[in-house]
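A structural walkthrough
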Amino acid sequence: MEVKKSIFLRTFGDTPILRVLDFLATYSMYDYSMTDIANNAGIGYTTLKLFWKDFTDKSIVIQTRTVGKAKMYRLNKDNIIVMDFLKLYNTIIEKETDKIMAKEKYITINAE
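Let me begin by describing the structure that accompanies this report. (Residues numbered from 1 in each chain as written. Predicted model: local features only at pLDDT ≥ 70, side-chain atom pairs only at ≥ 80, totals over all residues. Heavy atoms only, no water.)

**A word on the pairing of strand β3 (residues 70–75)**
Strand direction decides the pairing type here: strand β1 (residues 32–33) and β3, joined by two bridges, are antiparallel. Within β3, the residue paired with tyrosine 32 across the bridge is tyrosine 73. Two strands pair when backbone bridges link them, and strand β2 (residues 61–67) and β3 are joined in this way by six bridges, in the antiparallel orientation. Looking at β3, one finds that glutamine 63 is bridged to tyrosine 73. Between β2 and β3, which follow one another and run antiparallel, lie two residues, and glycine 68 among them has a positive phi close to 65°. (Pairing = 2+ DSSP bridges. Helix = DSSP H or I, 4+ residues; strand = E, 2+ residues; numbered from the N terminus.)

**Description of the environment of lysine 95**
Here lysine 95 lies in helix α5 (residues 80–111). Using a relative accessible area of 45% as the deciding quantity, one classes lysine 95 as partly exposed. The sequence separation of lysine 95 and aspartate 84 amounts to 11 residues, and the corresponding C-alpha distance is 17 Å. (Buried < 20%, exposed > 50% of the residue type's maximum accessible area, 1.4 Å probe, protein only.)

Right under this line is the structure:
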């Protein structure tokens, strides 16, 4: 499955870790299994496992519940690293969206 690059990924690069952070930041109000995170981020499950322990050890992600055999995770918004990341993430999205909107407005005005 090909994942369309977000503004964040176009700005910082397209790596598995950044894909996962991008997905979790975009859908931070929900929790997901590792399989769902890998699939939705467009990376392999084995690749996710390479850095997942680091994410949990640093409390970047936290387990929220268990559904059957699946452990569910989400970004830990109480973690200072995650807080700072989300500030940066939102700033990038906002600034790049403003640029796109300004360019489209310019094109629309000149087309009239």
